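Structure assessment
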Amino acid sequence: YMDQMFAEDLNGLYIATTLTFLASYATAEMFNEVFGMSISTILQCFVTDEEMHEPEDRFTPDNLAETIDNTQQSSSMSKFVHPQKEKNKK
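How each quantity is defined
- Residues numbered from 1 in each chain as written.
- Predicted model: local features only at pLDDT ≥ 70, side-chain atom pairs only at ≥ 80, totals over all residues.
- Heavy atoms only, no water.
- Phe/Tyr/Trp six-rings, centres within 6.5 Å; stacked < 30°, edge-to-face > 60°.
- Helix = DSSP H or I, 4+ residues; strand = E, 2+ residues; numbered from the N terminus.
- Buried < 20%, exposed > 50% of the residue type's maximum accessible area, 1.4 Å probe, protein only.
- Polar contact = N/O pair within 3.5 Å; in protein donor to acceptor, adjacent residues only side chain to side chain.
- Contact = heavy atoms within 4.5 Å.
- Lys, Arg positive; Asp, Glu negative; His and termini not counted.
- Salt bridge = Lys/Arg side-chain N within 4 Å of Asp/Glu carboxyl O.
- Axes fitted to C-alpha atoms, helices over the stretch in contact; angles between N-to-C directions.
- Parallel < 35°, antiparallel > 145°, perpendicular 65-115°, else oblique.
- Nonpolar A, V, L, I, M, F, W, Y, C, P; charged D, E, K, R; others polar.

1. Quick look at the packing of aromatic side chains
Under the counting rule described, the total for this entry stands at two aromatic pairs. Pairing Phe21 with Tyr25 gives two aromatic rings, centres 6.3 Å apart and planes at 25 degrees, and the pair type is stacked. Here the residue Phe21 and the residue Tyr25 both occupy positions in helix α2 (residues 13-52), the gap between them amounting to four residues, near one helical turn. Tyr25 shares its class with Phe21; the two are exposed.

Pasting the structure below:
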């Protein structure tokens, strides 16, 4: 359709479309890499905090700890990551 209507006005429709697609794909791929790296960093910091500190001295926000507990509970039947916090809530 575009070739028929704008044949005299457009030169290299397919090249421009391909270049736009490649630029968009590269931008999306870089965004996904940065997002994945930030998630990995947050989880690494969480694990480090778990290993280095006692439950009452941890820097992990409660909502992050609860989210990881809920995710682990729903994905497996193993014990909670924070069994001490669960005892304190009762």
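So much for the structure itself; the text now carries on.
2. Here we look at the side chain of Thr60
Following the sequence through the fold, Thr60 ends up in the loop between α2 and α3 (62-75). Here Asp49 takes part through its side chain, which lies 2.6 Å from a polar atom of the side chain of Thr60. The contacts of Thr60, once residues within four sequence positions are left out, are Phe46, Asp49 and Ala65.

3. Concerning the environment of Asp49
Among the structural elements, Asp49 can be located in helix α2. Here Asp49 falls in the buried class, since its relative accessible area comes to 7%. Each C-alpha atom, one on Asp49 and one on Thr60, is 7.0 Å from the other, the two residues being 11 residues apart in sequence. If we skip the residues at most four places from it in the chain, Asp49 touches Arg58, Phe59 and Thr60.

4. Some thoughts on the side chain of Asp49
Of the buried charged residues, Asp49 lacks a salt bridge, with Arg58 as the closest side chain of opposite charge at 5.4 Å. At 2.9 Å, the side chain of Asp49 forms a polar contact with the side chain of His53. Side-chain polar atoms of Asp49 contact the backbone nitrogen of Phe59, separated by 2.9 Å.

5. Section: the pattern of salt bridges
Inspection of every chain in the model, using the stated rule, returns one salt bridge. For Glu50, the salt bridge identified is with Arg58, shortest N-O distance 3.4 Å. With respect to burial, Glu50 and Arg58 carry one shared label: buried.

6. As for the packing of α2 against α3
Contact geometry of α2 with α3 gives a least axis separation of 12 Å together with a crossing angle of 95 degrees. It follows that α2 is roughly perpendicular to α3 by the angle criterion. Between α2, through Ile42, Leu43 and Phe46, and α3, the contact on the second element is made entirely by Leu64, Ala65 and Ile68. Among the residues forming the contact of α2 with α3, the class breakdown is six nonpolar, no polar and no charged.

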